[in-house]
Each structure stands twice: as C-alpha cells, then as structure tokens.
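So you can see what is in the structure, the chains are spelled out below.
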There are 2 protein chains.
Amino acid sequence: MNLKELADHLGLSPTTVSRALNGYPEVKEATRLRVQAAARAHNYTPNAWAKGLATGRAMSIGHVIPVSKTHEMVNPVFGDFITGASEAYVKTGYDLKLTLVSDADEAERYRSLSARGNIDGIILHGPHLSDRRIELLRTLDLPFVVHGRASEMKMDYSWIDMNNTRAFERATELLIELGHRRIALVNGQEHMDFAFRRREGFVAALIRAGIDPDPGLMRAGEMTEELGYRAASDMLQRPYPPTAFLASSMVTALGIRRALEGRGLRLGTDVSVITHDDDLGYLRNGTDVPIFTATRASVRDAGRQAAEMLLQMIRDPSCAPLQTLIEAELILGQSTGPAPG
Amino acid sequence: MNLKELADHLGLSPTTVSRALNGYPEVKEATRLRVQAAARAHNYTPNAWAKGLATGRAMSIGHVIPVSKTHEMVNPVFGDFITGASEAYVKTGYDLKLTLVSDADEAERYRSLSARGNIDGIILHGPHLSDRRIELLRTLDLPFVVHGRASEMKMDYSWIDMNNTRAFERATELLIELGHRRIALVNGQEHMDFAFRRREGFVAALIRAGIDPDPGLMRAGEMTEELGYRAASDMLQRPYPPTAFLASSMVTALGIRRALEGRGLRLGTDVSVITHDDDLGYLRNGTDVPIFTATRASVRDAGRQAAEMLLQMIRDPSCAPLQTLIEAELILGQSTGPAPG
DNA sequence: CGGCCAATTGAAAGCGCTTTGGATGGCCGG
DNA sequence: CCGGCCATCCAAAGCGCTTTCAATTGGCCG
C-alpha cells in the first residue's frame, strides 16, 4: 500500500494524505483522523526512499568504526555504546547504519557515505591522537560527533569524551596515598587518544608526587586478557616489582589478576589493582561490592548522549560544535590496599 | 554532483551515463571509460535513495537484536558476528542497518522495517526456544537468516548455527573420560536456544555414562563473570563439590576461575574447567597455549557465512531455505586434568 | 544502391513521496 | 450583494536514478 493507493481509497489527494500524516496544520482535524485510521488499518508505512528523495533527510545515522590489521577486533565497548545511542534513535525514528572500514579505504568510505546522501550524520569511533578523519569530515559538511577526542587536532568539532587524564590521575593519586611507589600501567594502544591521555594523567600524578616514571612499568597494547597477564607476569619478575597496577580495561585487569594469583600474590593485599570500568553490561565489576577499585563511567550513557548531541546538530545545522566531558567516578573495591612492607 | 550534471558535463544523456556506470553492455567501451573517469574525477556517487526508489533494491541488510529487561546487554559476541558479516557486505556494497528492539514492540518493528521497504533482508539474533519472530518474518516475505535455531519451531527457515549439543556433549565426554563424575554446568539463560541445546548435550553425555544429572550442579543466567563466580562459589561449598565445570562463555569461565583461586584450588589440577570459546577478538583463549580447554567456533566466521547466505537468498529469492551447521573444535588447554583422588 | 542489422545513444516515463502554487467554497464586513 | 479572507483541498512539479522504447548511425549483403 502506497500513498497514492491510500489516497484513492480515501477519495482524497496524495497531497492531503501526506499532510495529514505528517502533522501539517492545513488539514481538517476530522480528515486527519480519518486518514490516520485508514493508514493504520491498511498498515501503511511510507517508503523510506521516496521520503528520503523528496525531503533530503536520510533519517539514519552512520556509525563508523575502523578495523585494522593491528586492531582487528571490534572493541567490546562498542556494543554498549551503540545500545545507548539506539535508545536515542528509536525515540526519534532514526536508523543506525553501521560501517566497519579498514583503515586503508576509510577516507573513501566517508566521502561516499556522505555523497550517497543516505546519512544525516556520523558518529566517529576510536579517534587517534592525530586523526585525519576529523579534518575530512569537516570538509564534508555532514554533522558528526566524535566519541573521544584527538589531542593533536586543534580544530573545533563536536565530541563527547570521558576525562581520561583526570580519571587516571586520580587513580594514581589514590595508589600513591596508599603508599605505593612502584606503580605499573597496562594501557591500551597509545596511538589511540584515550590511552595517550590516560598515560598523561598517570605520569602527571607520579611526577607531582616526586616519583620518576619508569618506562619498564608501562605497557601498552590491544586490551586483551592476555595483555594483562603477560605485562603483569613480566613486570612481577623484575628485581623491584610493582606493588600496584593500573589497567585500562576490565578484561586486562582480569589478566593481571590471573598473573598475580599464578604466583600466589593476593589481590588488594600483596598487590593493588585499579582498572577503568566502562560499566559494560556483560562485564560488571561485581554487583553489590565491586571486585576492582575502579574509575567508572558508563559507555552506554556516553552513547546515548553522543546520539542526542548529533540529533541536536541535525535539527539545528548552524549550531556551534557541542562538547561534553564526562567525569569518571572513582569507586572503591576490594582490589586496593596499603603498599606492603 | 548528480547523474544529470555529470551527463551534461560529458555531453551525454543520463541514460548513457547510468548504463556506463552500471556495466550495461550496450555502451561503447571508449564512452564507458570516459564516463568512469569523469565520475571519479568529480567524485560522483549515485544517490542511494534515488537508486533505491528506481530499482526497488535497498542495498542494506537489517540486523535486529533484542534488548529486554532481563537481558539488557548487547551480547559481546555480537560485535564479532557483525565484523564477519560486514566483510561480506562491504564486498557487495550492502549497508548494515542495526536495530535494537525491546521485546515488547519487536513485532511492530519488523513489520515496519519490511513495509518501509528499506531493507533487503534480515538477520535475526538470539533466537529463543520457541521464537514467534520466525513465524512473523516468514509472513513478511523478506529473506532472513537466523543466527541460531529455535528448537520448538518446526517450520523450515534459513539458519546458521553452531552444533551446541554436540559441542557440549563432547566436552562432557572428555571430562568423564578424565574420571570426573561430579560435573557442573554454568550455562546461559536457558530460554535461549543455544543454552538449551548445550544443556541437552551435557545431560545426554552424563546419562550415557550412567551419571545422574544433578540439578544442583546446573546453573543458568546471563553470562557474566559474576555468574561464573557465584555459581562456582556456591557449588564448591556443597558437601560433594564438583570436580569439573562446563562454562558457556569465556567470561563466565573467568569468573569460575576466580572462585577457584579464591579458595586455593588450582585450575586443571584440583578442578577442571571447559568453556565454550567464541573466538572473540578481544577475549582470546591464550595465543599460543590455550588457557582453557574449550570448544571453539569462530562467531566471526559465522557472521560472514550468515551474511553470504542471506545475500545468496536475495539474489535468488526462490531458493530453498539454507541451513548451515558449524561444528566446534575441541581444543585442549591447561584447564583440564584427571579427576583428583 | 537500397535495405536490414548491430551498435550506440537518447527521450521520457516512472519509482513514492513532499511541497509549491493555485483552486474552491463558505463566511464575514461593508 | 460583493470583495476579501480563511479553511481545505488538489494538481503538478520535482527529488535522482533506472529502464523501456525509439532514434540515429554506419556497415554489410544482395
């Protein structure tokens, strides 16, 4: 059933039917009701393309996530982020179009996404320190919001980010207050902006406390369980092993814990661990008592907010770039304690 | 730049340009090259809606994943599945449209997805034992592939599934061969088809070995780390604690391991654990030596295959339902050993 | 040399919707 | 009784592409 058929059926013109359904004022209320009833009865849904063609609105948002050789995985936070974003889209009738692109042809994909005109806006995931995608998107005049920032890009753009620097600074401060001096960082890949900032916060706190950052106590890589295990195992067999770890993700923290337990060290007593916790649905940090002391910020919330920002920008294309900084909370769990001896 | 402009620019008609770009044979090769060059030079990309309107093809696939109150999370396997599917879509120029729906209005969403006509096919995730969505989709005459099956639905439809029953049967057999008699199962929610099948395999193997399945040694729930920890902790303090565990996911297995280590039990020596391993990118089961003995099947592969099946069905709408059963491999790791004493 | 065919290109009619620019008719004040 | 103003409704022109049908060429055969 299409507009015309519905109109014929009602003895009205397509014009009136269209207006009735889209809430235009110049149609009699009685007519509108009649049209709406008929539409429901015949299960009429406007054809999305025809609508798109006619209005120039895509009613769909592109989420682009890069998949490279060195970073093959779809980051697990992505699922939660999207869940949040979806909440916003569903309310407003937008679709979510997912595009995984390999680094190589990324630029091309953006250009074609934008040119094909079937997208009203883009959410960019996983920005690097210096991310050329941002420049590119700015030239495309397509509204976009970055999930994260690119430290080295000084231009103005919309983003939503967790205060990574501050979070890791606070976590480090807590460990220092507990008397730890040899603190290790097991970070994500540091060409990723979030990881870079986390290290900055970590290092800043150390320096402020008069502790020399030890490169041997910093490791970065794809945030797997294995990374945590390996990094911790290596570091623990150094002559002066760390007494505390900072982990960039729960999964990595689990690996660190495995390394500890493997050598008979007790978590929170012999060695302290603080992790960042994205509050993912399937990897909760305990339900009542947190397992790990953690800096926590819900990535799902971030997703919802990012989507709302983008929709806002689509509604009002002239609005200035929106920027949202989310502070992580520092929650105390059972994985931290005073430095031993 | 649109078709007409490009055509004017070239001194050709839109017809010819369209044909040249879409590989129709009735255009002179020299012209085709000229057109293609111009298209590239001007960065021309056809407008997706206009194309959709004209051809009736959406060039996009819907992935629908249910999000309910009791099952709020976007399952982590989903990310990997989609990565695989994307590989197939990118090659063929399809888009991936993601829809998270809450159980309540799920039927409605399908209907409208189909009616709006902006989708060529659907991939259905997370089927329940008796899943009415399958019936619904069949009436919508929109090609679809189910990731998993619905045991209680006897109708014919396309699916791709891992042989859950067989996988857990084999894992159980292995444990029995190792001398274990008290084997526990920590499963996913058993209204989900995959979990139901896993239990069936588990129970079948027990019975065949003359072991009475003990309901106290079976636990089901959202597959979190916490579930593993709680289930294992509870079971281990029973008078006759299990000597082996079967886990439905790596994350759960990590929780079980935590419970073991918490009470000083050694993995693989005091207590054996076998888990199912979806071979997720960010949760590898060790790189060289597997941490856990596991039944393994790549969910990413499944995603790619599912997408290919669906594209196949779209190409040839009359083809019979396609069905693919993937066997998991049983890989030996360090988490299993002979039953103690 | 005329006609037929293959090769190549165009004109124009949609696809289903929105939206501009009228129509139409009832009602008002003058 | 008439011009003007609303309130409603409609015709028709797109939106950018595909595709059917037709036109134009040049080559080749008889």
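A quick note: this is a predicted structure, and the numbers were derived from the prediction, not measured. In this convention, every chain numbers its residues from 1, walking through the sequence in written order. In the order they appear in the text, chains get letters beginning with A and ligands get numbers beginning with 1. With the structure being a predicted model, the display of local features is reserved for residues of pLDDT at least 70 and the display and counting of side-chain atom pairs for 80 or more, all residues being used for whole-chain, interface and lining totals. The basis for the side-chain values is all heavy atoms of the structure; hydrogens and waters are excluded.

Draft legend 1. Quick peek at the protein's contact with DNA strand D. It suffices for a single heavy atom of a residue to lie within 4 Å of a molecule or strand for the residue to be listed as near it. The local shell around DNA strand D holds 27 residues, among which R19 of chain A together with L3, S18, Y24 and Y44 of chain B are the closest. Here, DNA strand D places atoms within 4 Å of the protein, and 62% of those atoms are sugar or phosphate. Polar contacts, as used here, are pairs of N or O atoms within 3.5 Å; protein pairs need one atom able to donate a hydrogen and one able to accept it. Residues neighboring in sequence count only if both atoms are side-chain atoms. Contacts to DNA strand D include N22 of chain B, whose side-chain N or O atom sits 2.9 Å from a phosphate oxygen. Taking Y24 of chain B, its side chain carries an N or O atom lying 2.4 Å from a phosphate oxygen of DNA strand D. For the surface near DNA strand D, the secondary structure elements donating two or more residues are α2 (14-21) and α4 (48-55) of chain A together with α2 (14-21) and α4 (48-55) of chain B. The numbering of helices and of strands both runs from the N terminus, where a helix is a DSSP run of H or I of at least 4 residues and a strand a run of E of at least 2. The element best represented in the surface near DNA strand D is α4 of chain B, accounting for five residues. In terms of residue class, the surface near DNA strand D is built from 11 nonpolar, 11 polar and five charged. All amino acids are sorted into three groups, where Ala, Val, Leu, Ile, Met, Phe, Trp, Tyr, Cys and Pro are nonpolar, Asp, Glu, Lys and Arg are charged, and the leftover types, Gly among them, are polar.

Draft legend 2. Representation of the domain arrangement of chain A in the model. On domain assignment, one finds that chain A holds domain 1 (3-46), domain 2 (60-162 + 300-326) and domain 3 (164-297). On a C-alpha basis, the centroid separation for the pair domain 1 of chain A and domain 2 of chain A is 36 Å. How far each domain reaches was decided by an automatic or database domain assignment.

Draft legend 3. Just the protein's contact with DNA strand C, in detail. The local shell around DNA strand C holds 27 residues, among which L3, S18, Y24 and Y44 of chain A together with R19 of chain B are the closest. Those atoms of DNA strand C that come within 4 Å of the protein belong to sugar or phosphate at a rate of 59%. One nitrogen or oxygen atom from the side chain of N22 of chain A is found 2.9 Å from a phosphate oxygen belonging to DNA strand C. A distance of 3.3 Å separates a phosphate oxygen of DNA strand C from a polar backbone atom of N47 of chain A. Elements with a contribution of two residues or more to the surface near DNA strand C: α1 (3-10), α2 and α4 of chain A together with α2 and α4 of chain B. When residues of the surface near DNA strand C are assigned to their parent elements, the largest contribution, four residues, is made by α4 of chain A.

Draft legend 4. Representation of the relation of the copies chain A and chain B within the structure. Here the copies are matched by least squares. The fit uses the C-alpha atoms of residues with pLDDT of at least 70 in both. You can overlay chain A on chain B at an RMSD of 0.3 Å; the transform is a turn of 180 degrees with a shift of 0.1 Å along its axis. Look at the turn and shift together and you get a two-fold axis relating the two. Looking at chain A, 96% of its interface residues are interface residues in chain B too, so the copies touch through the same face. In this analysis, two residues are considered to be in contact whenever any of their non-hydrogen atoms come within 4.5 Å of each other.

Draft legend 5. Region of the structure containing the UniProt feature "domain: HTH lacI-type" (unreviewed entry) in chain A. UniProt positions are given in the numbering used here, feature names are shortened, and annotations may be inferred rather than shown by experiment. Those places that UniProt annotates as "domain: HTH lacI-type" (unreviewed entry) correspond, in this numbering, to residues 1-55 of chain A. Across residues 1-55 of chain A, helical content stands at 67% and strand content at 0%; the span's end C-alpha atoms are separated by 20 Å.

Draft legend 6. Broad picture of the packing of aromatic side chains. Stacked, tilted and edge-to-face are the three classes applied to pairs of Phe, Tyr and Trp rings, where Trp contributes its six-membered ring and a pair requires centres within 6.5 Å; stacked means planes under 30 degrees apart, edge-to-face means over 60, and tilted covers the rest. In the structure shown here, the tally under the stated rule is zero aromatic pairs over all chains. Sitting over a ring, as applied to charges here, requires NZ of Lys or CZ of Arg to be within 6 Å of the ring centre and within 35 degrees of the ring normal. Its end group placed over the ring of Y229 of chain A, R258 of chain A keeps NZ or CZ at 3.8 Å from the ring centre. Lying over the aromatic face of W159 of chain B, R149 of chain B brings its terminal NZ or CZ to 4.4 Å of the ring centre.

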